[in-house]
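Summary of structural features
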Amino acid sequence: MGNQSILLNLLFALLILFADSTVAAPVGVCYGRVASNLPPPSEVVNLIKSNGISRIRLFNPDPDALKPFSGTGIELMIGVPNEILPTLANGTVPTSLEWLQTNIFSNILPTQIRYLAVGNEVLLKDPFYSPYVVPAILNLYEALQTLGLSETIKLSSSHAASILSSSYPPSSGAFDPNIQPVLLPLLQFLQTSGSPLMVNVYPFFSYINNPQYISLDYALFRSSTPDIDQNLAYTNMFDATVDAFVYAMEKVGFPGIPVVVTETGWPAAGGFAASPENALDYNANIVKRTVNNFGTPKRPGAGIEVFLFDLFNENGKNGEEYERQFGMFGVDGTKAYDLKF
């Protein structure tokens, strides 16, 4: 009877694995709002719905942006701003509960929230807040448990690819040792809670910063000559970067954590290799690979959830001109190029 029970449990687990592997990973879009010329959020929601976009990332819980999504069925990733982390980390669970109720649940149904991204690119770009990331997540997690929402709303923190000290070839992927005191407890939480590692992946930046080593074809999914690493064939920078994170997690003892790409995209103007044609090529390939569950060479068939950046150009962003040119739609709602979601 014991052996029969083990076999039944194994079969059930395999059925779940097979069922999960056949469900297409959705394509989300980042709705950045660092701009002075954006249409009203209610119009933006109509644009999103009319284009069949079912998941959106908001970088902060601005009530004016959140409320129009209520009741639409669109699933959201909502950012918890870096500057809020000390308050949540140093407070009590009731502090986090009050923050959630006031800033999020008073504006949007919990059933529409898929993720809370607690901090954005903190570890290397905003390191003052690094010690607060995991304590803030743990308090928010307990608050969600209190509300019975910890299984449906997943918590993580979004990271820049620069948290890798080595990324090429992918099998050499390793985390910067300076961030491991914060990163390892975070990975432990992600593993325990069934949450994903969130990463921002930009082959565009890799290419323009290293054109002597990375070809435009490799960055844009056009390469016909694969790079072989550990008997796995890589034909594009996106897969190679994602798998570098997978290898890096394995090296520190966390082999099974899924990866969600919380930002990726290509600018349509503003600099070298930034054009509507290249932006369409890149984003269309991301959509195709995501909805068809291509996965990566190291995790084939395991669809990666991806959020494309950006819904609109953001004229308030700092940096080079291309930083303001990632938008897939004009502010009048017309497509910058013919991308189908």
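The sections below set out a description of the structure shown in this document. Please read all numbers here as calculations on a predicted model, not as lab measurements.

**Observations regarding the packing of aromatic side chains**
In this description, an aromatic ring pair is defined by two values, namely the gap between the centres and the angle between the planes. The final tally for this structure, using the stated rule, is 22 aromatic pairs. Aromatic pair Phe 204 and Tyr 322: ring centres 5.2 Å apart, planes at 75°, arrangement edge-to-face. Placement of Phe 204 in helix α9 (residues 203-209) and of Tyr 322 in the segment after β12 (305-308) is noted, with a sequence separation of 118 residues between them. The same class applies to Phe 204 as to Tyr 322, namely buried. What links up through ring pairs into an aromatic cluster is the set Phe 59, Tyr 202, Phe 204, Phe 205, Phe 221, Phe 238, Trp 266, Tyr 282, Phe 309, Tyr 322 and Phe 326. Positioned above the aromatic ring of Tyr 247, the side-chain terminus of Lys 298 is 4.4 Å from the ring centre.

**A look at the sheet that holds strand β4 (residues 113-120)**
Overall, parallel pairing links the 8 strands, which are arranged β1-β2-β3-β4-β5-β8-β11-β12 in a closed barrel. On average, adjacent strands in this sheet sit at an angle of 25° to one another, irrespective of strand direction. In the sheet, strand β5 (residues 154-160) pairs with strand β8 (residues 197-200) via 3 bridges, with the strands oriented parallel. Paired with His 159 across the bridge in β8 is Val 199. Against the sheet, helix α8 (residues 180-193) engages β5 and β8, with an angle of about 140° to β5.

**Observations regarding the pattern of salt bridges**
Here the structure, examined in full by the defined rule, presents 12 salt bridges. Taking the shortest distance from any N to any O, the salt bridge between Arg 55 and Glu 305 comes out at 2.6 Å. Placement of Arg 55 in strand β2 (residues 55-58) and of Glu 305 in strand β12 is noted, with a sequence separation of 250 residues between them. The same class applies to Arg 55 and to Glu 305, which are both buried. A salt bridge links Asp 338 to Lys 340, with the shortest nitrogen-to-oxygen separation between them at 2.8 Å. Take Asp 338: its relative accessible area is 49%, and that puts it in the partly exposed class. On the accessibility criterion, Lys 340 (57% relative accessible area) is exposed.

**Brief notes about the side chain of Ser 171**
Within the fold, Ser 171 resides in the loop between β6 (164-166) and β7 (174-175). According to the relative accessible area criterion, Ser 171 is buried, its value standing at 17%. Looking at Ser 171, its side chain comes within polar contact range of the side chain of Asp 229, at 2.8 Å. The contacts of Ser 171, once residues within four sequence positions are left out, are Asp 229, Gln 230, Tyr 247 and Lys 251.

**A look at the packing of helix α5 (residues 93-105) against helix α7 (residues 133-146)**
Remark: α5 packs on α7, axes separated minimally by 8 Å, with the N-to-C direction vectors making an angle of 75°. When the axis of α5 is compared with that of α7, the two are roughly perpendicular. In this structure, α5 uses Val 93, Ser 96, Leu 97, Trp 99, Leu 100 and Phe 105 to contact α7, whose residues at the interface are Asn 139, Leu 140, Glu 142, Ala 143, Leu 144 and Thr 146. Of the residues belonging to the contact of α5 with α7, the class tally is 8 nonpolar, 3 polar and 1 charged.

Basis of the calculations
Residues numbered from 1 in each chain as written. Predicted model: local features only at pLDDT ≥ 70, side-chain atom pairs only at ≥ 80, totals over all residues. Heavy atoms only, no water. Phe/Tyr/Trp six-rings, centres within 6.5 Å; stacked < 30°, edge-to-face > 60°. Helix = DSSP H or I, 4+ residues; strand = E, 2+ residues; numbered from the N terminus. Buried < 20%, exposed > 50% of the residue type's maximum accessible area, 1.4 Å probe, protein only. Lys NZ or Arg CZ within 6 Å of the ring centre and 35° of its normal. Pairing = 2+ DSSP bridges. Axes fitted to C-alpha atoms, helices over the stretch in contact; angles between N-to-C directions. Contact = heavy atoms within 4.5 Å. Salt bridge = Lys/Arg side-chain N within 4 Å of Asp/Glu carboxyl O. Polar contact = N/O pair within 3.5 Å; in protein donor to acceptor, adjacent residues only side chain to side chain. Parallel < 35°, antiparallel > 145°, perpendicular 65-115°, else oblique. Nonpolar A, V, L, I, M, F, W, Y, C, P; charged D, E, K, R; others polar.

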